[in-house]
Amino acid sequence: MKLGVVGLPNVGKSTLFNAITKAGAECANYPFCTIEPNVGIVAVPDPRLEVLGKLYNTKKITPAVVEFVDIAGLVKGASKGEGLGNKFLANIRETDAIVHVVRCFEDENVTHVDSSVDPLRDIETINLELIFSDIESVKKRLDRAINMTKTGDKKYKIEAEFLTRLSNHLNELKPARTLPCTDEEKASLKDLFLITSKPVIYAANISEKDMGKPESEIPLAQKVVEYAKSEGAESLVICAKTEEELSALDDDDRALFLEDYGLTESGLDRLVKTSYKLLGLISYLTAGEKEVRAWTIETGTKAPQAAGKIHTDFEKGFIRAEIVDYDILVELGSFNAAKEKGKVRSEGKEYVLKDGDVVLFRFNV
């Protein structure tokens, strides 16, 4: 899972990136500080892995991971190549989803490219540039489809009709992800690799003094939350500066820090959970003395395809999956004990994996 962290210059984008990856991307109070995309791989927090690790006295614990890409700040005119626009647009196309950081704090020591803090204006600035870029992409595909209709092949007529509807939607300054589509059209939309078809999390970056307050008491952040709802997107209220401080603490101090603010989990934990929800992802688990591991799959993945995440041979030679619920495994103490109690299920090719399934795949090559 690759998430592109985007936003206008000086909204706290790189500060948030530093916090969640501990990668030390350069932060500075001027536009275009981030020129090459900084990439960081972070573990998905999953307390089940530590529990299974102790249960199996395992030698290695491997969590699922998320890749965060900190992409250069965007300005008006990026779709026409202004600022670092072309680099920005190329980098963002390679991500699975977008974390759009929006400034929701006042600070006279941190300049704003538009000289004032207005989260909805800032959101519109970026969204318009992404839409303009997609309009150009769709126009090229539409021209080609219209030209190909001369062959008499019905599929090009269907494609041209869909692209015309999509083009009209974009020209109304609406992102591609909000276009009502049939399942077949959704597949076509995915194949277009449009930026505005990607799912979005709007991250409202608040000041430290607003930490722990309800969203309703932070007017600027509330605007972002309401905007996300209107678009059917996800939102997250977070303080990037505080998260950066948290990233430097050990587990015990971090827990005490969060407790002081009345919080139970860090912004990273919430961001990953929101990302999973946004992309329809879950984790199944494998456990043994050599390794305990979480594997990321899409919701609805069947057993053979889930096995293929481990190795293609597992999918090709799939026989069955032996599965026990995580809670039952922990309660009974071992896979064998669960088997003796009749709690291990033998599932075939049509079984759909669930989050927290602990799995042993049987296969033959």
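Given the structure is predicted, the values throughout are model-derived calculations rather than measurements. Counting of residues starts from 1 at the beginning of each chain's written sequence and follows it residue by residue. At least 70 in pLDDT is required for a residue's local features to be given in this predicted model, at least 80 for side-chain atom pairs to be given and counted, and no such filter applies to totals for whole chains, interfaces and linings, which use all residues. Excluding hydrogens and water, the side-chain figures rest on all heavy atoms present in the structure.

Considering the overall build of the protein chain
And step 1. When you go through the protein chain residue by residue, the secondary structure sums to 14 helices and 12 strands.
And step 2. Exposure classes here rest on a 1.4 Å probe applied to the protein chains alone. A residue is buried below 20% of its type maximum, exposed above 50%, and partly exposed in between. Burial statistics for the protein chain: of 365 residues in total, 47% are counted as buried.
And step 3. Contacts are assigned to residue pairs that have any heavy atoms within 4.5 Å of one another. Counted over contacts in the protein chain with a minimum sequence separation of 6, partners at least 24 positions apart contribute 68%.
And step 4. Counting every atom, the protein chain has about 18,600 Å² of accessible surface; 50% of that belongs to carbon and sulfur. Think of it this way: any DSSP run of H or I at least four residues long counts as a helix, any run of E at least two long counts as a strand, and we number them from the N terminus. Per-residue accessibility takes into account occlusion by the displayed protein chains alone, with areas from the Shrake-Rupley method and a 1.4 Å probe.

Things to note about helix 2 (residues 47-56)
And step 1. The set of residues buried in helix 2 consists of Arg48, Leu49, Leu52, Gly53 and Tyr56. In a view along the axis of helix 2, the buried residues occupy a sector of 135°, so they form one face of it. Relative to its buried face, helix 2 has exposed residues pointing more than 90 degrees away, namely Pro47 and Lys54.
And step 2. Along its buried surface, helix 2 packs onto strand 3 (61-62), strand 8 (281-287), strand 9 (292-298), helix 13 (326-332), helix 14 (335-340) and strand 12 (357-363).
And step 3. Directly after helix 2, the chain includes Asn57, whose backbone phi takes a positive value near 50°. By arc we mean the arc of the directions from the helix axis to the C-beta atoms, nothing more.

Details of the environment of Thr149
And step 1. By secondary structure assignment, the location of Thr149 is in the loop between helix 4 (119-148) and helix 5 (154-171).
And step 2. Residue classification places Thr149 among the partly exposed positions, given a relative accessible area of 30%.
And step 3. Residues Thr149 and Ala160, spaced 11 residues apart in sequence, show a C-alpha to C-alpha distance of 8.0 Å.
And step 4. When residues no more than four places from it in sequence are discounted, the contact partners of Thr149 are Tyr156, Lys157 and Ala160.

A word on unusual backbone geometry
And step 1. One non-glycine residue, Asn57, lies in positive phi territory at about 50°.
And step 2. Within the secondary structure, Asn57 sits in the loop between helix 2 and strand 3.
And step 3. Classification of Asn57 as exposed rests on a relative accessible area of 62%.
And step 4. In the Ramachandran plot, Leu173 falls in the positive-phi region, its phi being about 65° despite a non-glycine side chain.
And step 5. The topology assignment puts Leu173 in the loop between helix 5 and helix 6 (183-191).
And step 6. Relative accessible area serves as the criterion here: at 42%, Leu173 is assigned to the partly exposed category.

Some words on helix 8 (residues 240-247)
And step 1. Turning to helix 8, its buried residues are Ala240, Thr242, Glu243, Leu246 and Ser247. Taken down its axis, helix 8 places every buried residue within 160° of arc, on the same side.

Some details on empty space enclosed by the protein
And step 1. A pocket, in this scheme, is an open set of points on a 1 Å grid over the protein atoms alone with protein on both sides within 12 Å along at least 5 of 7 lines, while a cavity is a set where a 1.4 Å probe fits but cannot get out; residues line either one if an atom lies within 4 Å of a point. Grid points are joined across faces, edges and corners, and a volume is the space filled by probe spheres set on the points. Within the structure shown, the criterion is met by 2 cavities of 30 Å³ or more.
And step 2. In this structure, the largest cavity spans a volume of roughly 40 Å³.
And step 3. Surrounding the largest cavity, Val6, Ile98, His100, Ile126, Asn127, Leu130, Arg177, Val200 and Tyr202 form its lining.
And step 4. Counting only elements with at least two residues in the lining of the largest cavity, the list comes to strand 5 (97-103), helix 4 and strand 6 (200-205).
And step 5. Among the elements that take part in the lining of the largest cavity, helix 4 stands out by supplying 3 residues, more than any other.
And step 6. In this model, the second largest cavity occupies a volume close to 30 Å³.
And step 7. Along the walls of the second largest cavity sit Leu8, Val11, His100, Val101, Val102, Arg103, Asp122, Ile123 and Ile126, which together make up its complete lining.
And step 8. If you list the elements that add at least two residues to the lining of the second largest cavity, you get strand 5 and helix 4.
And step 9. It is strand 5 that provides the largest number of residues to the lining of the second largest cavity, a total of 4 residues.
And step 10. The residue classification treats Ala, Val, Leu, Ile, Met, Phe, Trp, Tyr, Cys and Pro as nonpolar and Asp, Glu, Lys and Arg as charged. All others, Gly included, are polar. Taken together, the residues of the lining of the second largest cavity break down into 6 nonpolar, 1 polar and 2 charged.

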